[in-house]
Amino acid sequence: MNKAGKISKNIILMVIGLLWFVPLLFMFEKSFEDGGFANYATILQQENLPRNFLNSVVVTGGTIAVVLVVTLLAGFAFSKLKFRGKNILYLIVLVGLMIPAPALIVPLSQLIKTMGLINNPLSLIGIYAALQVPFSLLIMKNYFDELPTELIESGIVDGCSVFKAFRKILLPLCAPVVSAVTVFTFLAAWNEFLLAFMFLKKPIYQTLTVIPYSFTMLFMSDLPRMFAALTIIALPIIILYICLQKQFEQGLTAGSVKG
Amino acid sequence: MLGRKRISNYFYIVPIIALVVLFIYYPIAYNIEASLYSWDGISAEREFLGAQNYVDMMSDKVFLKALANTAIFTIVTVGVGLVAGMLLAVATLGNTPIQRLCKTLMFLPVVLAPIIVANIFTWMYEMNTGLVNEALRAIGLGDLARAWLGDSKTALGAIMVAQIWQSVGWYLIMFNAALTTIPTDVLEAARVDGANKIQTFGRVIVPMVKNTTFSLIILGIIGSFKYFELVWATTKGGPNHATELFSTYIFTNAFDFMKQGYASAISVFVIVLALIITAVQLRINLKER
């Protein structure tokens, strides 16, 4: 490409990139209007905020743990073991991928109510995990398919049980796929709103995503503080992304390239 | 040996099957059953209706509006995402600082909670202090200023813009990853054969990322059936149902109108539709291969 072409292409890319940044700038800028940092102080003094943060951490951490354990086991089994009904069982899990969560809110709300789990953040872990496992299984199975079967067979010849061979030989090789599944499970659980909003009614039990909604009610006429709240909620994930950019991008693209 | 079928092999899949049965298949079965009744979700009594909820659905103007809106929303946001994502992926394929910066800035919204995006855009579109209207006034187009989300002519478009803002970075990263798998000698060969940039793009790059494109279409459509936050946190489906989607209409029926049987019927419809669309796409995909 000639020099003028290169420069104009770079200018176009810069303009698009900056344009994309405008809504976030708008959020930062609004959050400092009137009170400046005092807006942030007000929000940070909200008594429930640390608890809300902790709720998000627990729910997200729990979801990631459940998804990883469940899909590592199943991905291994669907890839390397033989059992009757394997294909149909695999299909049963994968169909879950096509089911949109909003189409499940009526039964899930009744289920959570019957089980007496309203206002219990832990109730979200099972549901989030169930919604995430189909896609995670797809990625896990693809990954195990790439690992040579001889690896584990040699372990079994040496006298290991199947489970021990899986744990000692294959599991240590799973770091890349574990990090991929962790990334998109993290994003899905941390950012989820609909179910959290439906099941967590008391402020103290809520996760972070539900907070902007209650703050909107609280600070209706106090926009800058609302934006300070948004910024505080957005910042951890922005910082995390910037620090772990490579892991985020590799994790999110892990599933699709193979198609 | 691994080749043996043993009962203990099922232990590895019991947890995953239990999870999807309890939280996905049981709810689907519940929806199917509940859709045959009229029920407010609370009282002990419910009235059997047979297929009446489904019959009502077909003549429910708001439901049909939600169907049309979801279709428009899906086609536009996935379509723009694919085209813009692919073009930008090609444009940022090298790893110069500017290309990296552009990628990072465009990907930032992808990691944000949709509810945060909803709040930002609510106030960007606001009539008096919103950035969009301020910008229009600044360049002398103040006549165009309006409450973008409050006007039934512009509300759906405004929400689609916000969704595109949030998702293009995702398409960009996906195509970027796919493009890096194209061997450089293929592109070199195209250049040697005298193909110009547009020919290379259309005849080499696009066909080579076909599988990624298929996956993105499926994931994009499934994703837009789930879309809820921005609409609900801004317009609640209004004004006059101009932004009503499946998700918001299910929510409103179930928890505001207390028509849970009807909400379940809509849910069943949405699930069946999602399965049909995916099945058709997979068929097309398999045929093309």
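Residues numbered from 1 in each chain as written. Chains lettered and ligands numbered in written order. Predicted model: local features only at pLDDT ≥ 70, side-chain atom pairs only at ≥ 80, totals over all residues.

1. Observations concerning the overall build of chain B
No. 1: Scanning chain B from terminus to terminus reveals 13 helices and 2 strands.
No. 2: In terms of principal-axis extent, the alpha carbons of chain B reach across some 75 × 75 × 30 Å.
No. 3: A burial count over chain B gives 42% of its 289 residues as buried.
No. 4: The contacts of chain B with a sequence gap of at least 6 include a subset with a gap of at least 24, amounting to 69%. (Helix = DSSP H or I, 4+ residues; strand = E, 2+ residues; numbered from the N terminus. Buried ≥ 20, exposed ≤ 12 C-beta atoms within 10 Å, placed from the backbone. Contact = placed C-beta atoms within 7 Å.)

2. So, the interface of chain A and chain B
No. 1: With 72 residues of chain A at the interface, the matching set in chain B holds 74 residues.
No. 2: In terms of residues, the side of chain A that touches chain B owes the most to one element, helix α1 (residues 3-31) of chain A, which gives 13 residues.
No. 3: When its residues are assigned to classes, the side of chain A that touches chain B shows 53 nonpolar, 12 polar and 7 charged. (Nonpolar A, V, L, I, M, F, W, Y, C, P; charged D, E, K, R; others polar.)

3. Quick look at the UniProt feature "domain: ABC transmembrane type-1" (unreviewed entry) in chain B
No. 1: If you check UniProt for "domain: ABC transmembrane type-1" (unreviewed entry), the listed places come out as residues 67-281 of chain B in our numbering.
No. 2: Structurally, residues 67-281 of chain B is divided into 75% helix and 0% strand, and its ends, taken at the C-alpha atoms, are 19 Å apart. (UniProt positions renumbered as here; feature names shortened; annotations may be inferred.)

4. Section: the UniProt feature "transmembrane region" (unreviewed entry) in chain A
No. 1: Cross-referencing UniProt, the feature "transmembrane region" (unreviewed entry) maps to residues 12-28, 53-76, 88-109, 121-140, 169-190 and 226-244 of chain A in the present numbering.
No. 2: The span residues 169-190 of chain A is 82% helix and 0% strand, and its two end C-alpha atoms sit 32 Å from each other.

5. A word on the confidence of the model for chain B
For residues with low pLDDT, the predicted coordinates do not support detailed interpretation.
Residue and element names in this part refer to chain B.
No. 1: Summarising the model, chain B shows a mean pLDDT of 90, and 99% of its residues fall at 70 or more.
No. 2: Within chain B, the element-level pLDDT minimum falls on helix α8 (residues 184-192), averaging 81, and the maximum on helix α1 (residues 14-34), averaging 96.
No. 3: The ipTM value of the predicted complex is 0.90, and its pTM value is 0.92. (pLDDT = per-residue confidence, 0-100.)

6. Some remarks on unusual backbone geometry
All names here are of chain B.
No. 1: With omega at -10°, the peptide bond leading from G238 into P239 counts as cis.
No. 2: Relative to the assigned elements, P239 resides in the loop between α11 (229-234) and α12 (246-256).
No. 3: Even without being glycine, N240 reaches a positive phi, approximately 55°.
No. 4: Here N240 is to be found in the loop between α11 and α12.
No. 5: Of note in the backbone geometry, H241 takes a positive phi value of approximately 65° without being a glycine.
No. 6: Structurally, H241 can be placed in the loop between α11 and α12.
No. 7: Residue classification places H241 among the buried positions, given that 21 C-beta atoms sit within 10 Å.

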